[in-house]
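# Architecture and fold: a report
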Amino acid sequence: MGHLRLNYDLTLEQSQKLIMTPELRQAIQLLQYTSLELNSYLKREMEENPLLELEGPSDDAHSMETVKEEKDIDWKEFLESYDDISYRSEVDRNRKEYSFENFVSYTPSLKDYLIEQLNMISLDAAEYRIADYIIQNINSNGYLDSTTSEISSQLRVSEEEVEAVLTVIQSFEPYGVGARSLKECLLIQVKDEKDFLLKRVINDHLEDIASNKIALIAKELDITIQKAQEYVDFIKCLEPKPGRTFRGDGDDTRYITPDASIEEIDGEFVIFINDVTGPRLNINQYYKSLLKDGGDVETTEFLQEKLNSAMWLIKSIEQRRQTLYKVVESILKYQKEFLIHGEKRLVPLTLKDVAEDIEMHESTISRATSGKYVQTPRGVFELKYFFTTGLSGKSGEVSATSVKSIIKGIIDGEDQKKPLSDQVISNLLKERGMEVSRRTVAKYRDELKIPSSSRRRRF
């Protein structure tokens, strides 16, 4: 039997590891947050850290660039040197800030509007109860989500009573509200029209309208194709979602506050970071004085720990602002032609392009652009809008967004009696130096919600 040998070898291995410190984790987390998430996070932090407070107006605010980053800062000396800790730049100080009111003004919800009208008519208590229940079951598009049978069962009233009250609500504005189907919604809007054939088109031919079968409608109703086209055009002008002109209720309401803005000033584009999306924080003056005055060791240690945490948070927010500024600045450099001429001049751009431009990692750019919005002279856009794939063209790559814009322009200018097929559009793009296949044209057209040529034809 052989001997079993156990060998113990000491091996030295060298490896590289990224040590994720709490401070680094916090900075990454803050960068990834949307403005709403950031504000919620800061609110929680201020509840837990008594040294943190929202910055009030101050004319002698110092830039955070003046703050040293050594770990062995003498906090007492630091506090004596700097009366105010903030990060407002000179440009920001001389400029009117965004406020919540700049972006949002009160508009009554659809349900508010219907209740207002309900209170202006005379109903008995039982009818009012039914009406209120119906209104609460009308969705943001203006349609009734429940059947009259369900409502009668819930309220223990007859279905005839529910139908009678629903008819009253269907007379309210916006016209078409309270309908249970698209057909009923459209019929409500034309109830005062005396043309029987118009109502018949809505009743019997909605699917034919969707398929643009104008000739079939004309044959069925024994009218000219031109008259059938007139009916279809009129019906298409009706509102299929009468409630969408309102902001909505509860979770339906979404506000977008831009994280940054690009403004044209004296012929130049200037970038501003919106402080509403990341409130400025200060160190509370009362706790500053406690730390300066000394006191017992336990209190001083507690205050220094909280001060350290507060300073890291303030620095992380400033780092977030600076990163966001650099990303927007880089996007502006690449997409300046878009701001001047519109989406036809949007160029292909990737996260890698911006990452290399500002010497940051792609993951950082991804975090900095996710859920962030910028106000521009051409409207509000999510930062990810500016990153688009490219297609080959005679003068280099062109962005998919600009190709879509060109396709829309071609279709807008076509002869509606002889709409262009996807293959013809592909050929026209090739003549302009853009290699776009018929299938890609069809894909982009669908994304633009433009129907096929057979459905665009008019008579």
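Just above sits the structure.
This text gives an overview of the structure that appears in the document. (Residues numbered from 1 in each chain as written. Predicted model: local features only at pLDDT ≥ 70, side-chain atom pairs only at ≥ 80, totals over all residues. Heavy atoms only, no water.)

### Side note on the overall build of the chain
For the chain, the count of helices and strands is 22 helices and eight strands. By residue count, 40% of the 459 residues in the chain fall in the buried class. Taking the intrachain contacts of the chain between residues at least 6 apart in sequence as the baseline, contacts between residues at least 24 apart amount to 65%. About 27,500 Å² of surface is accessible on the chain, with carbon and sulfur atoms providing 48% of the total. (Helix = DSSP H or I, 4+ residues; strand = E, 2+ residues; numbered from the N terminus. Buried < 20%, exposed > 50% of the residue type's maximum accessible area, 1.4 Å probe, protein only. Contact = heavy atoms within 4.5 Å. Areas by Shrake-Rupley, 256 points an atom, 1.4 Å probe, with all protein chains shown as cover.)

### Regarding the pairing of strand β2 (residues 260-265)
In this sheet, strand β3 (residues 268-273) lies alongside β2 in antiparallel orientation, the contact comprising six bridges. Bridge assignment links Ala 260 to a residue of β3, and that residue is Ile 273. Two successive antiparallel strands, β2 and β3, enclose a turn made up of two residues, where Asp 266 displays a positive phi of approximately 50°. Alignment of β2 against strand β5 (residues 373-376), held across two bridges, turns out to be parallel. Bridge pairing in β5 links Ala 260 to Val 374. (Pairing = 2+ DSSP bridges.)

### Brief notes about the environment of Tyr 444
Inspection of the secondary structure puts Tyr 444 in helix α21 (residues 438-447). For the pair Tyr 444 and Lys 404, spaced 40 residues apart in sequence, the C-alpha to C-alpha distance is 6.0 Å.

### What to know about the packing of aromatic side chains
Taken as a whole and judged by the stated rule, the model has seven aromatic pairs. Note on Phe 338 and Tyr 385: the rings are 5.8 Å apart at their centroids and 55° apart in plane angle, and the pair reads as tilted. Separated by 47 residues along the polypeptide, Phe 338 in helix α16 (residues 297-341) and Tyr 385 in the loop between β6 (379-382) and β7 (390-393) bring together distant segments of the chain. Site record: aromatic cluster; members linked through ring pairs are Phe 338, Phe 381, Tyr 385 and Phe 386. Note that Lys 333 overlies the ring of Tyr 334, its terminal NZ or CZ placed 5.8 Å from the centroid. (Phe/Tyr/Trp six-rings, centres within 6.5 Å; stacked < 30°, edge-to-face > 60°. Lys NZ or Arg CZ within 6 Å of the ring centre and 35° of its normal.)

### Points about unusual backbone geometry
The linkage connecting Glu 173 with the following residue, Pro 174, adopts the cis geometry, with an omega of -5°. Its place among the elements puts Pro 174 in the loop between α9 (159-169) and α10 (182-189). Here the phi dihedral of Arg 156 falls at roughly 55°; this positive angle occurs in a residue that is not glycine. Relative to the assigned elements, Arg 156 resides in the loop between α8 (148-155) and α9. The exposure class of Arg 156 is exposed, given its relative accessible area of 77%. One non-glycine residue, Asp 266, lies in the positive phi region at around 50°. As for its position among the elements, Asp 266 is in the loop between β2 and β3.

### What about the side chain of Gln 170?
Tracing the backbone through its elements, the reader meets Gln 170 in the loop between α9 and α10. For Gln 170, a relative accessible area of 11% corresponds to the buried category. Those residues within four positions of Gln 170 in sequence are excluded, and the remaining contacts are Val 177, Gly 178, Ala 179, Arg 180, Glu 184, Ile 188 and Lys 191.

### Let's talk about a negative patch on the surface
Taken together, Asp 124, Glu 127, Glu 159, Glu 160 and Glu 161 make up a surface patch of like negative charges. If you tally residues by element for the negative patch, the top one is α9, at three residues. Looking at where Asp 124 falls in the secondary structure, it is placed in the loop between α6 (110-118) and α7 (125-136). (Patch = residues over 30% accessible without salt bridge, like charges linked within 9 Å, V, L, I, M, F, W, Y side chains within 5 Å. Salt bridge = Lys/Arg side-chain N within 4 Å of Asp/Glu carboxyl O. Lys, Arg positive; Asp, Glu negative; His and termini not counted. Charge placed at Lys NZ, Arg CZ, Asp CG, Glu CD.)

### Quick word on the sheet that holds β3
Ordered by their spatial adjacency, four strands build an open sheet running β3-β2-β5-β6, and the pairing between neighbours is mixed. In this open sheet, the two edge strands, each paired with only one partner strand, are β3 and β6. Neighbour to neighbour, the strand axes of the sheet diverge by 25° on average, direction disregarded. α16 rests against β2, β3, β5 and β6 of the sheet, and its axis sits at about 150° to β3. (Axes fitted to C-alpha atoms, helices over the stretch in contact; angles between N-to-C directions.)

### Focus: the pattern of salt bridges
On inspection of all chains with the given rule, the structure shows 13 salt bridges. Arg 244 is the salt-bridge partner of Glu 239, the closest N and O atoms lying 3.0 Å from each other. Here Arg 244 falls in the partly exposed class, since its relative accessible area comes to 49%. Put simply, Arg 456 and Glu 414 hold a salt bridge, and the shortest N to O gap is 2.8 Å.

### Looking at the packing of α8 against α9
The description of two helices packed together rests on the angle between their axes and the distance between the axes. Running from amino to carboxyl end, α8 crosses α9 at an angle of 115°, the nearest separation of the two axes being 8 Å. In the packing of α8 onto α9, the handedness of the crossing is right-handed. Taken together, the residues of α9 that come into contact with α8 (itself represented by Thr 148, Ser 149, Ile 151 and Ser 152) are Glu 159, Val 162, Glu 163 and Leu 166. Residue composition of the contact of α8 with α9, by class: three nonpolar, three polar and two charged. (Left-handed = near helix turned anticlockwise from the far one by under 90°. Nonpolar A, V, L, I, M, F, W, Y, C, P; charged D, E, K, R; others polar.)

### Digging into α7
In this model, α7 (twelve residues) spans 17 Å end to end at C-alpha, consistent with the 16 Å of a helix rising 1.5 Å per residue. Contact partners of the buried residues in α7: α6, α8 and α9. Residue Asp 124 occupies the N-cap position of α7, its side-chain oxygen lying 3.1 Å from the main-chain nitrogen of Ala 126. (Expected span 1.5 Å × (residues − 1). Polar contact = N/O pair within 3.5 Å; in protein donor to acceptor, adjacent residues only side chain to side chain.)

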